[in-house]
Amino acid sequence: MTTIRIPDDEACETYTEYLEAFLIWMQDAGYTDYTQKNYLSDVRHFLIALNERELNTVKKIHVMSFLSSARREGAGDATRNRKHAAVQCFFKALIELELLEHNPAFGIKKAKTETNRAPVYLDERQIGVFLEAVEGKYRGRNLAIFLLMAYMGLRVGEVHALNVSHYNAERRTLQVFGKGRKWRTLPVPEAVGGVLEEAIAQRLSPWTQREEALFVSQKGRRMSIRAIQQLAADTFDRFQQDLDPNQRIAYSSHKLRHSFATMLLRRGADLRTVQEMLGHASIQTTTVYTHVTNREKEEAMDRLDVKLPGDKGKNS
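All values derive from a computational prediction rather than experimental measurement.

About the cut-offs
- Residues numbered from 1 in each chain as written.
- Predicted model: local features only at pLDDT ≥ 70, side-chain atom pairs only at ≥ 80, totals over all residues.
- Heavy atoms only, no water.
- Axes fitted to C-alpha atoms, helices over the stretch in contact; angles between N-to-C directions.
- Helix = DSSP H or I, 4+ residues; strand = E, 2+ residues; numbered from the N terminus.
- Parallel < 35°, antiparallel > 145°, perpendicular 65-115°, else oblique.
- Contact = heavy atoms within 4.5 Å.
- Nonpolar A, V, L, I, M, F, W, Y, C, P; charged D, E, K, R; others polar.
- Salt bridge = Lys/Arg side-chain N within 4 Å of Asp/Glu carboxyl O.
- Core = buried A, V, L, I, M, F, W, Y, C linked by side-chain atoms within 4.5 Å.
- Buried < 20%, exposed > 50% of the residue type's maximum accessible area, 1.4 Å probe, protein only.
- Phe/Tyr/Trp six-rings, centres within 6.5 Å; stacked < 30°, edge-to-face > 60°.
- Lys NZ or Arg CZ within 6 Å of the ring centre and 35° of its normal.
- Arc of directions from axis to C-beta.
- Polar contact = N/O pair within 3.5 Å; in protein donor to acceptor, adjacent residues only side chain to side chain.
- Patch = residues over 30% accessible without salt bridge, like charges linked within 9 Å, V, L, I, M, F, W, Y side chains within 5 Å.
- Areas by Shrake-Rupley, 256 points an atom, 1.4 Å probe, with all protein chains shown as cover.
- pLDDT = per-residue confidence, 0-100.
- Pairing = 2+ DSSP bridges.

A. Up close: the packing of helix α2 (residues 33–50) against helix α4 (residues 77–96). The contact between α2 and α4 brings their axes to 9 Å, and the two run at 85°. One way to sum up the angle between α2 and α4 is to call them roughly perpendicular. Contacts between α2 and α4 involve Asn38, Tyr39, Asp42, Val43, His45, Phe46 and Leu47 on the former and, on the latter, Arg82, Lys83, Ala85, Ala86, Val87, Cys89, Phe90 and Phe91. Grouping the amino acids of the contact of α2 with α4 by side-chain chemistry returns ten nonpolar, two polar and three charged.

Have a look at this one:
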């Protein structure tokens, strides 16, 4: 696990004790390194906006003002809601640690996000073309990473957290530590297993013998989430390099997970199975992948035999 440190920031010096307490609380609650970093960053920006105001005097209006400011600076609904969640979590932690008695972020409504928007995904042909764009000195490692996302539905954070011991070559299964600190066991497709075993055999020498990470960076440490995301971004750029810039889609590593879920459902897998494989806490989250394309809608319409008044006489 990465050691998260509080940045040395004069603007937040007044609140150092509270930030350290928040970090301890998140670590004890089992928040991922990724969430810890994001929440600390959001809370630091909020504290800077307070201009050294004492926390026990902070009101709901101050939180609203911070969120409105984020909006003006270009934050979308999801980013705005994450900042709100971070600040609310910060005050919740301080209350539980008996450092404060009131949560001024409580009761502020979330921004409404588009819940019915179909996720961006690649079809099976596009995934094949994307994988052809994987290149470089560590191609075997990188190919294994993308196969785990595209054909097993792993999140970036789950790939980041994988250890060598999580893969059972004999049973061809993978233990995945996902959201909510929950484990799930996934069967590994034979083709994916072959690439994964080759990547393990060619695994870079870790910086220390205690490093158990399945995917190691050239510096000998566990590959960071940011490094995996950048790796995906670079590969997607090559994947679309022949397209006009206006035709390119803003793909990200998470779109490979979307592609996996879409493929499963289109091949007849039931929602409950897909939910288990994706590690969703609620089946409602899985239903977003039941979208269909315009082409499929048109094909479905073409199957209809529309009868208009007078058609009976024409066809008899």
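Okay, back to it.
B. Expanded view of the pattern of salt bridges. A complete count under the given rule lists nine salt bridges for this structure. Residues participating in the shared-partner salt-bridge network are Asp42, Arg82 and Lys83.

C. Looking closely at the nonpolar core. Among the nonpolar cores identified, the biggest contains 40 residues, and Ile145, Phe146, Leu148, Leu154, Leu174 and Phe215 are the most heavily contacted of them. Within the residue set of this core, elements represented by two or more residues are α5 (124–132), α6 (139–152), α7 (156–161), β2 (173–178), α8 (190–201), α9 (225–239) and α10 (254–266). Residue contributions to this core peak at nine residues, all from α6. Those residues in contact with Phe215 that sit more than four places away from it in its chain are Arg141, Ala144, Ile145, Leu148, Val159, Leu162, Leu196, Arg221, Arg222 and Met223. Listed in part, the 29 residues of the second largest apolar core include Val43, Leu50, Val63 and Phe90.

D. Structural view of the packing of aromatic side chains. What the rule picks out here adds up to 14 aromatic pairs. Note on Phe90 and Phe91: the rings are 5.3 Å apart at their centroids and 65° apart in plane angle, and the pair reads as edge-to-face. Each of the two residues, Phe90 as well as Phe91, counts as buried. Site record: aromatic cluster; members linked through ring pairs are Phe22, Trp25, Tyr31, Tyr39, Phe46, Phe66, Phe90 and Phe91. If you follow Arg221 out to its NZ or CZ, it ends over the ring of Trp207, 4.0 Å from the centre.

E. Main features of the packing of α6 against α10. At their nearest, the axes of α6 and α10 sit 6 Å apart, and the two run at 35° to each other. Between α6, through Phe146, Met149, Ala150, Tyr151 and Met152, and α10, the contact on the second element is made entirely by Leu256, Arg257, Phe260 and Met263.

F. Examining unusual backbone geometry more closely. Notably, Asn51 is not glycine yet its phi reads approximately 55°, a positive angle. Secondary-structure assignment places Asn51 in the loop between α2 and α3 (60–72). Of the residues examined, Asn51 reaches a relative accessible area of 65% and is grouped as exposed. Unlike most non-glycine residues, Glu52 shows phi in positive territory, near 70°. Assignment of secondary structure puts Glu52 in the loop between α2 and α3. The exposure class of Glu52 is exposed, given its relative accessible area of 52%.

G. Here's a closer look at helix α11 (residues 271–278). Every buried residue of α11 is accounted for by Val274, Gln275 and Leu278. All buried residues of α11 lie within an arc of 105° about the axis, which places them on one face of the element. Tucked into the core, α11 has its buried residues touching β3 (182–187), α10 and α12 (283–286). Capping the start of α11 is the job of one residue whose side-chain oxygen sits 3.1 Å from the backbone nitrogen of Arg272: Asp270. Looking at the residues trailing α11, positive phi occurs at Gly279, about 75°.

H. Here's a closer look at a nonpolar patch on the surface. A grouping of Met301, Leu304, Val306 and Leu308 is seen on the molecular surface, where their side chains present a nonpolar patch of about 450 Å² in accessible area. Along the polypeptide, Leu304 turns up in the loop between α13 (294–302) and α14 (311–315).

I. Focus on the environment of Ala150. Within the secondary structure, Ala150 sits in helix α6. Along the sequence, Ala150 and Ser259 sit 109 residues apart, while their C-alpha atoms lie 6.3 Å from each other. Among all residues touching Ala150, those that are not within four sequence positions of it are Ile127, Leu256, Phe260 and Met263.

J. Structural view of the confidence of the model for the protein. When pLDDT is averaged across the protein, the result is 87; 89% of the residues are at 70 or more. Highest mean pLDDT in the protein belongs to strand β1 (residues 167–168) (96); lowest belongs to α14 (55).

K. Main features of the pairing of β3. Where β2 and β3 come together, six bridges link them in antiparallel fashion. What sits directly across from Val176, in β3, is Arg184. Counting the residues in the hairpin turn of β2 and β3 gives three residues, including Gly180, whose phi is positive at 70°.

L. Geometry of the sheet that holds β1. Taken in spatial order, the three strands of this open sheet run β1-β2-β3, and their pairing is antiparallel. Single-partner strands in this sheet number two, and they are β1 and β3. With two bridges joining them, β1 and β2 adopt antiparallel strand pairing. If you follow Asn168 over to β2, its bridge partner there is Thr173.

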